[in-house]
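Structure at a glance
These are the residues of each chain, in order.
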Amino acid sequence: MLMRLDPAWLMLAISLVAIICFFFGALMDAIMKEDGFGPIGNTLVLLAGFFAGILLVNYNGIALTSLTTATATGLGGSFVSLALLALVKAGLARL
């Protein structure tokens, strides 16, 4: 899905997702406090997880034909990546 986008649409998609991820990153920073990565760090983790989730699903042969399923997949990937990295950070802090 992402590989077939025109470069202008891809830049628009990345920009829009980055803006939305910044709001979620700031929100998650207020919730997680020192367990998170800061607003910018949370944004980068959420942004990378969003596109990694979509690319991972596409790599496994699942076609995301509607925007709704692509968005749900991306949001799932972003929050799973944030949760996993926060879990790793908490685990390393205990050592």
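Above this note sits the structure.
What comes next is a walk through the structure. (Residues numbered from 1 in each chain as written. Predicted model: local features only at pLDDT ≥ 70, side-chain atom pairs only at ≥ 80, totals over all residues. Heavy atoms only, no water.)

**Here we look at a nonpolar patch on the surface**
Heads up, the condition is: Residues enter a patch when their relative accessible area is above 30% and they make no salt bridge; the linking distance is 9 Å between like charges and 5 Å between nonpolar side chains (Val, Leu, Ile, Met, Phe, Trp, Tyr). Computed by Shrake-Rupley with a 1.4 Å probe, the accessible areas treat only the displayed protein chains as cover when residues are assessed. Take a side-chain nitrogen of Lys or Arg and a carboxyl oxygen of Asp or Glu: if they are within 4 Å of each other, that pair is a salt bridge. Under the DSSP-based scheme used, a helix requires at least four consecutive residues in state H or I and a strand at least two consecutive residues in state E, with every element numbered from the N terminus. Burial here depends on accessible area, computed with a 1.4 Å probe over protein chains only, as a share of the maximum for the residue type. Under 20% is buried, over 50% is exposed, and the range in between is partly exposed.
Taken together, the side chains of Leu16, Ile20, Phe24, Leu27, Ile31, Leu75 and Phe79 define a hydrophobic patch exposed on the protein surface, amounting to about 600 Å² of accessible area. Mapped by element, the contributors of at least two residues to the nonpolar patch are helix H1 (7–32) and helix H3 (67–94). Of all the elements, H1 adds the most residues to the nonpolar patch, at five residues. Looking at the element boundaries, Ile20 is found in helix H1. Residue Ile20 is classed as partly exposed on the basis of its relative accessible area, which comes to 39%.

**Examining the environment of Ala18**
We count it as follows: Contacts between residues were defined by any pair of non-hydrogen atoms, one from each residue, lying within 4.5 Å.
Note on placement: Ala18 falls in helix H1. A C-alpha to C-alpha distance of 6.1 Å links Ala18 and Leu47, two positions 29 residues apart in sequence. Contacts of Ala18, omitting those with residues within four sequence positions, involve Thr43 and Leu47.

Everything listed here is a matter of geometry and, on its own, says nothing about what the molecule does.
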